[in-house]
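Below, each chain spelled out in residue letters.
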Amino acid sequence: TVDSILVRVVCPPKVSVPSAFTPGSGNVDAIFRGFGKDQYISKYEVMVFNRWGEIIFVSNDKNMGWDGTY
């Protein structure tokens, strides 16, 4: 006899990325970076491109974000 079962786990994401930020404002949202607890992040990389597809910012450090400068 063979049986099967499908289990779908629905949970909120453990990592978030803002949809907007205000560089140079000095506020909490002045730096663009992802957020999440260390236990949920095994590898981190953020890349920011300009409108022509050129990389203007790269970081592998989850504590370092883009301040909007080019």
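Preceding this section is the structure that the text describes.
These remarks concern the structure in this document. Everything numeric in this text was worked out from a predicted model, so none of it was measured. (Residues numbered from 1 in each chain as written. Predicted model: local features only at pLDDT ≥ 70, side-chain atom pairs only at ≥ 80, totals over all residues. Heavy atoms only, no water.)

Let's talk about the side chain of asparagine 50
Move 1: Secondary-structure assignment places asparagine 50 in the loop between β3 (46–49) and β4 (55–59).
Move 2: Taking the relative accessible area as the measure of exposure, asparagine 50 reaches 15% and is therefore buried.
Move 3: Within the structure, the side chain of asparagine 50 is placed 2.7 Å from the side chain of glutamate 54, a separation counted as a polar contact.
Move 4: If sequence neighbours within four positions are ignored, asparagine 50 has contacts with Ile56 and Tyr70. (Helix = DSSP H or I, 4+ residues; strand = E, 2+ residues; numbered from the N terminus. Buried < 20%, exposed > 50% of the residue type's maximum accessible area, 1.4 Å probe, protein only. Polar contact = N/O pair within 3.5 Å; in protein donor to acceptor, adjacent residues only side chain to side chain. Contact = heavy atoms within 4.5 Å.)

Considering a nonpolar patch on the surface
Move 1: Together, Met47, Phe49, Ile55 and Val58 make up an exposed nonpolar region whose accessible area comes to about 350 Å².
Move 2: Mapping isoleucine 55 onto the fold places it in strand β4.
Move 3: Classification of isoleucine 55 as partly exposed rests on a relative accessible area of 45%. (Patch = residues over 30% accessible without salt bridge, like charges linked within 9 Å, V, L, I, M, F, W, Y side chains within 5 Å. Areas by Shrake-Rupley, 256 points an atom, 1.4 Å probe, with all protein chains shown as cover. Salt bridge = Lys/Arg side-chain N within 4 Å of Asp/Glu carboxyl O.)

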